[in-house]
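So the chains spell out like this:
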Amino acid sequence: RTDAKVALVTGAAGGLGSAICRRLAKDGYKIAINFRNQPEKADALAAEIAELGGEALLIQADISNEADIESLVFQTVRRFGIITVLINNASPRINPCKLLESEWSDFQKQIDVQVKASFELIKRCAMIMKDSGGGSIVNMSSQVIDGVPTASWGAYALAKEALNSLTKSAALELGPYNIRVNEISPGMVETAL
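In this report, the structure presented in the accompanying data block is examined. (Residues numbered from 1 in each chain as written. Predicted model: local features only at pLDDT ≥ 70, side-chain atom pairs only at ≥ 80, totals over all residues. Heavy atoms only, no water.)

Under the criterion given, the structure shown has two aromatic pairs. Geometrically, the ring pair formed by W104 and F107 is stacked, given 5.6 Å between the ring centres and 0° between the ring planes. Highlighted residues: W104 and F107, both in helix α4 (residues 104–132), separated by three residues, approximately one helical turn. Look at W104 and you get exposed, because its relative accessible area is 54%. Judged by its relative accessible area of 12%, F107 falls in the buried class. Ring centres of W153 and Y156 lie 5.7 Å apart, and the angle between their planes is 80°; this geometry places the pair in the edge-to-face category. (Phe/Tyr/Trp six-rings, centres within 6.5 Å; stacked < 30°, edge-to-face > 60°. Helix = DSSP H or I, 4+ residues; strand = E, 2+ residues; numbered from the N terminus. Buried < 20%, exposed > 50% of the residue type's maximum accessible area, 1.4 Å probe, protein only.)

Within the fold, N34 resides in strand β2 (residues 30–35). Looking at N34, its side chain comes within polar contact range of the main-chain oxygen of A61, at 3.3 Å. Setting aside anything within four residues of it in sequence, one finds N34 in contact with V9, T10, G11, A12, A13, I59, A61, I63 and L72. (Polar contact = N/O pair within 3.5 Å; in protein donor to acceptor, adjacent residues only side chain to side chain. Contact = heavy atoms within 4.5 Å.)

Taken in spatial order, the six strands make up an open sheet running β3-β2-β1-β4-β5-β6, and their pairing is parallel. Two strands bound the open sheet, and with one partner strand each, they are β3 (56–60) and β6 (179–184). The average angle at which neighbouring strand axes cross in this sheet is 15°, direction not considered. Bridging between β2 and β3 involves five bridges; their strand directions are parallel. Along β3, the bridge assignment pairs N34 with I59. The sheet strands contacting helix α2 (residues 39–51) are β2 and β3, and the helix crosses β2 at an angle near 170°. Packing of helix α3 (residues 66–80) onto the sheet brings it into contact with β1 (6–9), β2 and β3, and relative to β3 it is tilted by some 160°. (Pairing = 2+ DSSP bridges. Axes fitted to C-alpha atoms, helices over the stretch in contact; angles between N-to-C directions.)

Attention now moves to the state of the cysteines. Taken as a whole and assessed by the stated rule, the structure comprises zero disulfides. Residue C125 stays outside any disulfide, its sulfur separated by 14 Å from that of C21, the closest cysteine. (Disulfide = S-S within 2.5 Å.)

One can describe the packing of helix α1 (residues 15–26) onto α2 by two numbers: an axis separation of 10 Å at closest approach and a directional angle of 20°. As judged from the angle between their axes, α1 and α2 are roughly parallel. The handedness of the crossing between α1 and α2 is right-handed. Of the residues in α2, those touching α1 at S18, C21, R22 and A25 are L45, E48 and I49. Within the contact of α1 with α2, the residues separate by chemical class into four nonpolar, one polar and two charged. (Parallel < 35°, antiparallel > 145°, perpendicular 65-115°, else oblique. Left-handed = near helix turned anticlockwise from the far one by under 90°. Nonpolar A, V, L, I, M, F, W, Y, C, P; charged D, E, K, R; others polar.)

Further remarks concern the pairing of β6. Across six bridges, the pairing between strand β5 (residues 135–140) and β6 is parallel. Each residue of the ladder has a partner; that of S136, found in β6, is R180. In this region the chain leaves β5, passes through helix α5 (residues 154–174) and returns to the parallel neighbour β6; the handedness of that crossover is right-handed. (Right-handed = clockwise from strand over helix to strand, strands pointing away.)

Listed below in structure tokens is the structure:
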């Protein structure tokens, strides 16, 4: 079933997420559009995908919550029967804050969405992909982790560094099951983030 084209995209209503969904739809993918708090943007994206001849499923879920993650994967599989591509794109807003003025909760918020949720989704989706012959997982990182760090972006950068490490570990362990795990690190893109 690795020829099936079903993608689950987190943070799909945002700037990068919606662009990813449009491209996947043009390439013939059925798409589970995950969003947390932008239902109007998610609805508009689903309508756009339908106009392209594609099929989209809207799923509102807070992926920092494990029960919502479970529901997200369940609803996607219930509708489409499989998941062959996972795009871990969701990211909390960057809240620039100097280290000495930060609270651990600033870091935890980034970690919960960018690392914990990605880990939980990778684990669940990889089991589905493994049983169906393979798949692809893409984690969205950032060039903010290259070179000199951006001042006051410590929480965001820490989460992206951890995601980078998770990506490498997952690629090593899931490769033998025909599951590719890659990371994309875009530079500055004009989005709400």
